Amino acid sequence: MAYDTDNVFARILRREIPAKTVYEDDHALAFHDINPQAPVHVLVIPKGAYVSMDDFSANASAEEIAALFRAVGHVARDVLGLAEAGYRILANCGPDGHQEVPHLHIHIFGGRRLGPMLAR
Ligand code: AMP
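Residues numbered from 1 in each chain as written. Predicted model: local features only at pLDDT ≥ 70, side-chain atom pairs only at ≥ 80, totals over all residues. Heavy atoms only, no water.

Participant: Just to check I follow, could you spell out unusual backbone geometry for this structure?
Facilitator: Where the residue is not glycine, phi is negative for most of them; where a peptide bond is considered, it is trans in most cases. Backbone geometry places Arg15, a non-glycine residue, at a positive phi of 65°. Relative to the elements of secondary structure, Arg15 occurs in the loop between helix H1 (8–13) and strand E1 (21–24). The phi dihedral of His98 is positive, around 60°, even though this residue is not glycine. By the secondary structure assignment, His98 is in the loop between strand E4 (88–90) and strand E5 (106–110). Residue His98 is classed as exposed on the basis of its relative accessible area, which comes to 55%. (Helix = DSSP H or I, 4+ residues; strand = E, 2+ residues; numbered from the N terminus. Buried < 20%, exposed > 50% of the residue type's maximum accessible area, 1.4 Å probe, protein only.)

Shown next as structure tokens:
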């Protein structure tokens, strides 16, 4: 799947639409989800143009991969203060994963007991 340069997260990275940013570095941006599914719901995205975790894991550099996962941990621990109580990370990929925005994003959920992983 080719990268759509007009997807909503590409537009957030270009500052064409606003986001409630909580963290930014050379490789990653983190911001509040517009439709939170938990008391804390933040998205962490790479700044590179990667459609999904499939694309990212195949094509991103080791530096980009390390930076994204460092950013997820830093945001959860140091920005959101979730390390002790715990949190969930999630990356939907493709149609079966119900990925809606075609730019890789890692959800961080927290702030309450989240229950089992999938609705039953
Ligand atoms: P996914 O289903 O994993 O692709 O999740 C996409 C997420 O992006 C959803 O949780 C949406 O609420 C969120 N979202 C869509 N547009 C925006 C936006 N402009 N700012 C912040 N989050 C957004």
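Participant: Got a minute to help me understand the packing of aromatic side chains in this structure?
Facilitator: The geometry of an aromatic ring pair is captured by the separation of the ring centres together with the interplanar angle, meaning the angle of the planes. With the rule as written, the count across this model stands at 2 aromatic pairs. Their ring planes at 70° and their centres at 5.4 Å tell us that Phe9 and Phe31 sit as a pair that is edge-to-face. Of this pair, Phe9 sits in helix H1 while Phe31 sits in strand E2 (residues 28–32); the two residues are 22 residues apart in sequence, bridging distant segments of the chain. (Phe/Tyr/Trp six-rings, centres within 6.5 Å; stacked < 30°, edge-to-face > 60°.)

Participant: How should I be thinking about the sheet that holds E5 in this particular structure?
Facilitator: Pairing between the strands of a sheet is mediated by backbone hydrogen bonds and can be parallel or antiparallel. Taking strand neighbours across the sheet as the criterion, the 5 strands line up as E1-E2-E3-E5-E4 in an open arrangement whose pairing is antiparallel. The open sheet has two free edges, formed respectively by E1 and E4, since each of these has just one partner strand. Going from strand to strand, the sheet's axes swing by 20° on average, the running direction of each strand aside. Both strand E3 (residues 40–46) and E5 contribute to a ladder of 5 bridges, which runs antiparallel. Within E5, the position partnered with Leu43 by the bridge is His107. (Pairing = 2+ DSSP bridges. Axes fitted to C-alpha atoms, helices over the stretch in contact; angles between N-to-C directions.)

Participant: Would you explain the environment of Asp25 in this entry?
Facilitator: By the secondary structure assignment, Asp25 is in the loop between E1 and E2. Between the alpha carbons of Asp25 and Ile108 there is a distance of 17 Å; along the sequence they are 83 residues apart. One polar contact links Asp25 to Tyr23, side chain to side chain, over a distance of 2.8 Å. (Polar contact = N/O pair within 3.5 Å; in protein donor to acceptor, adjacent residues only side chain to side chain.)

Participant: What should I look at first to understand the site of the ligand in this one?
Facilitator: Near the ligand you find 16 residues, and of these Asp33, Asn92, Glu100, His105 and His107 are the closest. Within the backbone of His98, a nitrogen or oxygen atom sits 3.1 Å from an oxygen atom of the ligand. The backbone of Val101 places a nitrogen or oxygen atom 3.1 Å from an oxygen atom of the ligand. Considered on its own, the ligand offers 510 Å² of accessible surface; in the complex 85% of this is hidden by protein. Counting residues per element, the shell around the ligand draws most heavily on H1, at 3 residues. Among the residues making up the shell around the ligand, the classes are represented as 7 nonpolar, 7 polar and 2 charged. (Near = heavy atom within 4 Å. Areas by Shrake-Rupley, 256 points an atom, 1.4 Å probe, with all protein chains shown as cover. Nonpolar A, V, L, I, M, F, W, Y, C, P; charged D, E, K, R; others polar.)

So, to be careful, I would describe these as geometric facts and stop short of saying anything about function.
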